[in-house]
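Examination of the molecular architecture
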Amino acid sequence: MASFPYYTLNFSNAGTTYSTFLTGIRGFNLTGMYLDANGNMQGLLYNESLGTWTNIDFPNAADTTPYGLSFGSYSTGMDIVGSYKLPSQATDTGFLLDTSAPVGSQWTTLIYPGATDTIPHSTFNGLVVGNWDVLAQANPDYQTYPSGGNAFIYNISTKLFTLNDAPNSLSTTAYGIYDNLIAGGYANSPVVNGIQPTHGYIYDMSTQIWHTYDHPGAVVTHFEGITGGNSPGAYTLIGDWVGASEPSGSPEHPFILRVQNFVPVSWTDFNIPNSATTSGNSVYGDTAIGIYTTDPSTGTNGYVATIQCFVSGTGIATPSGEIAVERLRPGMLVQTASGAAVPVSWLGRRTVACRSHPQPESVWPVRVRAAAFGDQMPERDLWLSPDHAVFVDDVLIPIRYLLDGTTIAQVPCDTVTYWHVELPRHDVILAEGLPVESYLETGGRAGFVNGGDIVSLYPDFASRIWEAEGCAPLLVAGAALDAVRERVAAAQAVASSAQPSVTRGT
């Protein structure tokens, strides 16, 4: 079972930390809610880049539970969907919050015709998906898993609902939407021993084809979210499953599923270390969010995890194509930035105990977003240790000197494993298409032990023998470094302008 780098994200106010549920993510924005002192749910929006919380509460509601959101920002305009309950209300009513609308007209109530409960879960390109049901009491589907009922599609522009149940199903949920695809779960058989068998699905709105998925060994498979993958036809889903042999009431197990042209590529189970329960609620890019609990209980905790195995390791260019770094072996050929084929001399692996490091920010991994240095550079998100150098304008720059908090940013975690590739001489190789340095031995090889816990990475750069053995000059300051930073900022502006647009209602 995988254990991804993660950090706990709970809402705090005036010295009090509250039980927090994280439910949706798009870009750097997350939705969720916290349980206040009166036992009511209060809605939240969190900006991961700025580290700020915004309260999202339906006017005069006792409970507000945001589930999904569009691209954009709260200040310039975005859509947020979820449900609310008024103080005297026993059932859930859906809402759409359009922050671009004038104050006083930003909130829209969503009620599926004839329903007592309407729960919107996700929104994308002017559509909202969710569930409706006829109940006497609200179904708290962030706690009851999986919830049944009927699925719907709501068009923000036309204000029309469409029933969207899986064929011949007894119940259908719709929890995620991305591109023309909707993800959730459906049941077409009755409850057995307290559990209703459930299948995960992806519904392709363009072809109207339902694609069904069952986690190996599961009686319940349910998708909670869907996001785009790293190539056309590739998507990543997050969800939970329950084993066929597990008794009723057993906790679910979170997973990541990668598909290519609707064919499963890999199922990856994961959890939060030392947790009693973990739930996977939403995913965007290589970030997964959800909740976990501990034993003894400290309440409900939100988490933000980095899925480092969207692909099975960092792709290193070789003469025969890319290969995951952990599959390299001494003697295998890799391709350098000059196009030469050079054999691997040694492959190092070191696990860094970030939590026990006196300065953990000095060893947290750095995420370099796809296209941070321009088109296809890198081709996909790339993870580096903070002192790993990238090759730009004929110089080597440690990635820590290019941090901007967004495109190139560190991700806090408790532990992380780094891989290093050594060649006969220090050189530049291609990792996810980006030129980066190979390993340069400066007396730190013993720290690897290919698996031993350590709390340091490289020695100080002052002790590195660049003049004698470095393949290019090392740059850590000056006008040339500023020019590279400006290039990264320009590339980010181009990437942001190409981000999917949101069609808004009138």
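Residues numbered from 1 in each chain as written. Predicted model: local features only at pLDDT ≥ 70, side-chain atom pairs only at ≥ 80, totals over all residues. Heavy atoms only, no water.

**Considering the overall build of the chain**
Selection criterion: Elements are defined by DSSP. Helices are runs of H or I of four residues or more, strands are runs of E of two residues or more, and each kind is numbered from the N terminus. Only protein chains enter the accessibility calculation, which uses a 1.4 Å probe. A residue is then buried if its area is under 20% of the maximum for its type, exposed if over 50%, and partly exposed in between. Accessible surface area values rest on a Shrake-Rupley calculation with a 1.4 Å probe, where residue burial reflects the displayed protein chains alone.
Each helix and strand counted, the chain has two helices and 40 strands in total. Relative to its full complement of 506 residues, the chain shows a buried share of 52%. Of the roughly 20,900 Å² that the chain leaves accessible, carbon and sulfur atoms contribute 52%.

**Focus on the pairing of strand β39 (residues 434-437)**
Note the following rule: Strand pairing is assigned whenever DSSP detects at least two bridges linking the two strands.
On β39, burial covers both faces: Leu 434 and Val 436 on one face and Pro 435 and Glu 437 on the other are all buried. Relative to β39, strand β38 (residues 428-431) is paired through four bridges, and the arrangement is antiparallel. Each bridged residue has a counterpart across the sheet, and for Leu 430 the counterpart in β39 is Pro 435. Linking two consecutive strands that pair antiparallel, namely β38 and β39, is a turn of two residues; a positive phi of about 50 degrees is found at Glu 432 within it.

**A look at the environment of Asn 188**
Condition: Only heavy atoms enter the contact rule, under which two residues are in contact if any of them lie within 4.5 Å.
Assignment of secondary structure puts Asn 188 in the loop between β17 (181-187) and β18 (199-204). C-alpha of Asn 188 to C-alpha of Ala 166: the two residues are 22 residues apart in sequence and 8.9 Å apart in space. Once residues within four sequence positions are removed from consideration, Asn 188 is found in contact with Asn 168, Ser 169, Leu 170 and His 199.

**A closer look at the nonpolar core**
Rules: Here, nonpolar core refers to any group of buried Ala, Val, Leu, Ile, Met, Phe, Trp, Tyr and Cys residues whose side-chain atoms link them within 4.5 Å.
By size, the foremost hydrophobic cluster in this structure holds 37 residues, and its most contacted members are Leu 30, Ile 182, Phe 223 and Leu 237. For this core, the leading source of residues is β17, giving four residues. With 31 residues, the next largest nonpolar core counts Val 395, Ile 397, Leu 434 and Leu 475 among its residues.

**Structural notes on the sheet that holds strand β8 (residues 63-69)**
Which entries qualify depends on this criterion: Here the axes come from fitting lines to C-alpha atoms, over the contacting stretch only for helices, and the angles between their N-to-C directions go from 0 to 180 degrees.
Strand order across the open sheet formed by four strands is β8-β9-β10-β11, with antiparallel pairing between neighbours. Pairing within the sheet leaves two strands with one partner each, and these edge strands are β8 and β11 (107-110). Between one strand axis and the next, the sheet turns by 30 degrees as a mean value, whatever way the strands run. Pairing between strand β9 (residues 79-85) and strand β10 (residues 93-98): six bridges, direction antiparallel. Considered in β10, the bridge of Tyr 84 is made with Thr 93.

**So, the confidence of the model for the chain**
Worth spelling out the cut-off: A residue's pLDDT is the predictor's confidence in that residue, given on a scale from 0 to 100.
Here the chain shows a mean pLDDT of 83. Residues at 70 or above account for 83%. The lowest-confidence element of the chain is strand β40 (residues 453-454), averaging 36 in pLDDT; the highest-confidence one is strand β15 (residues 160-163), averaging 98. Below a pLDDT of 50 lies the segment residues 308-312, which in the model reaches 17 contacts outside its immediate sequence neighbourhood of four places, other chains included. A low-confidence stretch, residues 446-466 (pLDDT under 50), is modelled with 57 contacts involving residues beyond four sequence positions or located in other chains.

**Observations concerning the sheet that holds β18**
Sheet strands pair via backbone hydrogen bonds, and the direction of the pair is either parallel or antiparallel. Reading across from one edge, β16-β17-β18-β19 is the order of the four strands in this open sheet, with antiparallel pairing throughout. Edge strands, defined here as strands with exactly one partner in the open sheet, are β16 (171-178) and β19 (209-213). When strand polarity is set aside, the average angle formed by the axes of neighbouring strands in this sheet is 25 degrees.

**With respect to the pattern of salt bridges**
As a working rule, side chains carrying opposite charge can pair if their charged atoms are close by. Formally: Here, a salt bridge means any Lys or Arg side-chain nitrogen found within 4 Å of an Asp or Glu carboxyl oxygen.
For the structure on display, the rule yields six salt bridges. Here Asp 381 and Arg 369 are joined by a salt bridge, their closest N and O atoms 3.3 Å apart. Residue Asp 381 is found in the loop between β32 (366-368) and β33 (382-384), and its partner Arg 369 is found in the loop between β32 and β33; the two are separated by twelve residues along the sequence. Judged by relative accessible area, which is 15%, Arg 369 ranks as buried. Arg 485 is paired through a salt bridge with Asp 482; the nearest N and O atoms lie 3.4 Å apart. Of this pair, Arg 485 and Asp 482 are both found in helix α2 (residues 479-497), three residues apart, which corresponds to roughly one turn of the helix. Taking the relative accessible area as the measure of exposure, Asp 482 reaches 37% and is therefore partly exposed.

**Examining the packing of aromatic side chains**
Aromatic ring pairs are described here by two measures, namely the spacing of the ring centres and the angle between the planes. In plain terms, the rule: Here a Phe, Tyr or Trp ring, Trp counted by its six-membered ring, pairs with any other such ring whose centre lies within 6.5 Å, and the pair is stacked when the planes are under 30 degrees apart, edge-to-face when over 60, and tilted otherwise.
A full pass over the atoms with the stated rule returns 26 aromatic pairs. Ring centres 6.2 Å apart and planes at 70 degrees place the aromatic pair Phe 71 and Phe 124 in the edge-to-face group. Here the residue Phe 71 occupies a position in the loop between β8 and β9, and Phe 124 occupies one in strand β12 (residues 117-124), the gap between them amounting to 53 residues. One exposure class covers both Phe 71 and Phe 124, and it is buried. Every member of this aromatic cluster is reached through a ring pair, and the members are Phe 11, Tyr 18, Tyr 34, Tyr 46 and Trp 53.

**Details of the side chain of Asn 47**
Put simply, the test is: We call two N or O atoms a polar contact when they sit within 3.5 Å, provided that within protein one can donate a hydrogen and the other can accept it, with sequence-adjacent residues counted only if both atoms are side-chain atoms.
Secondary-structure assignment places Asn 47 in strand β6 (residues 41-47). Under the relative-accessibility criterion, Asn 47 is labelled buried at 17%. A polar contact is formed between the side chain of Asn 47 and the backbone nitrogen of Leu 50, at a distance of 2.7 Å. When neighbours within four sequence positions are excluded, Asn 47 is seen to be in contact with Phe 28, Asn 29 and Thr 52.

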